[in-house]
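Notes for the structure review
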Amino acid sequence: MRVDIVSIFPEYFAPLDLSLIGKARANGTLQLGVHDLRSWTHDVHRTVDDTPYGGGPGMVMRPEPWGAALDALAPAESAAPRLLVPSPAGVPFTQALAYELAAEPHLLFACGRYEGIDQRVLDHAATRMPVTEVSLGDYVLFGGEVAVLVILEAVVRLLPGVLGNAGSLTEESHAHGLLEAPMYTKPATWRGLDVPEVLRSGDHGRIARWRRDAALERTGRRRPDMLAALDPRELDKRDVAA
Ligand code: SAM
């Protein structure tokens, strides 16, 4: 997968050298380009923002540097990338969207700052590439950089070969519309607290049933919305597996 990120703070992306994302870059699974929006400015102050039309507080990112950046990174003669624009007004980022993005050959991220990017940049881009505004949640961050780090982490771990054990992807929260059951490791007793006996029984059928029930109980308690949205066929599948 190819990923390009445009930001006025390219330094934010230093962590993408670390851990499994760093490894994915090193082995070519992920080709990453981080670009400074200011390199597409032409004035001495390298200006990227201006006051909003219609008034109001804050500044808005000007369209010219963004237009030049998108022209350079998504040239008309090449296959169009999918443009992702973090925004608190975007569609919620979910595991389902992470899977959708993991299937794309080329993602291009545009990190907004201030009050966001002039709307015409997105409207113009949408005439030549798919554009998705994505929200991390119902709160407001300073800028899109942290959102891009989150989205990339969720997407890159889905790319083939990135996780040591691909089974982790099918046995985790949100894989089947449920939260994962609590997990335990050694020692069996710690500070007077025991690991549930069933997990030490070696009886794989009982363990699978316990995990299914614990996942249902936890999801119902913490995320009744997820339980309400659960496809009953998913439950049947888990019963069969148990
Ligand atoms: N004026 C915008 C609004 O009210 O919708 C908020 C702008 S915010 C201060 C600056 C930038 O942070 C946004 O352009 C976006 O890139 C990013 N951002 C803020 N909150 C976000 C969220 N919940 N999800 C994704 N990106 C977010």
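Residues numbered from 1 in each chain as written. Predicted model: local features only at pLDDT ≥ 70, side-chain atom pairs only at ≥ 80, totals over all residues.

A look at the overall build of the protein
A tally of regular secondary structure across the protein gives eight helices and nine strands. With the principal axes as the frame, the protein shows a C-alpha extent of 70 × 40 × 40 Å. Contacts in the protein between residues far apart in sequence, at least 24 positions, make up 76% of those at least 6 positions apart. (Helix = DSSP H or I, 4+ residues; strand = E, 2+ residues; numbered from the N terminus. Contact = placed C-beta atoms within 7 Å.)

Considerations on the nonpolar core
Counting 38 residues, the largest nonpolar core has Phe109, Ala110 and Ile151 as the members making the most contacts within it. Looking at this core, the elements that each hand over two or more residues are β1 (2–7), α1 (19–26), β4 (60–61), α2 (63–73), β5 (82–92), β6 (106–110), α4 (119–125) and α5 (145–156). Broken down by element, the residue count for this core peaks at six residues, all from α5. In this view, Phe109 contacts Ile5, Val6, Leu84 and Val148; residues no more than four positions away in its chain are not counted. (Core = buried A, V, L, I, M, F, W, Y, C linked by C-beta atoms within 7 Å. Buried ≥ 20, exposed ≤ 12 C-beta atoms within 10 Å, placed from the backbone.)

Details of the UniProt feature "binding site: S-adenosyl-L-methionine" (unreviewed entry) in the protein
If you check UniProt for "binding site: S-adenosyl-L-methionine" (unreviewed entry), the listed places come out as Gly112, Leu136, Gly137, Asp138, Tyr139, Val140 and Leu141 in our numbering. With respect to the secondary-structure elements, Gly137 resides in the loop between β7 (131–135) and α5. Mapping Val140 onto the fold places it in the loop between β7 and α5. (UniProt positions renumbered as here; feature names shortened; annotations may be inferred.)

Regarding the UniProt feature "domain: tRNA methyltransferase TRMD/TRM10-type" (unreviewed entry) in the protein
On the UniProt side, "domain: tRNA methyltransferase TRMD/TRM10-type" (unreviewed entry) is annotated at positions that read residues 1–227 here. The span residues 1–227 is 30% helical and 18% strand by assignment, and the distance between its end C-alpha atoms comes to 34 Å.

Digging into the sheet that holds β7
If you trace the five strands from one edge of the open sheet to the other, you get β2-β1-β6-β5-β7, paired in parallel fashion. Single-partner strands in this sheet number two, and they are β2 (31–36) and β7. Going across the sheet, the axis of each strand differs from the next one's by a mean of 30°, ignoring polarity. (Pairing = 2+ DSSP bridges. Axes fitted to C-alpha atoms, helices over the stretch in contact; angles between N-to-C directions.)

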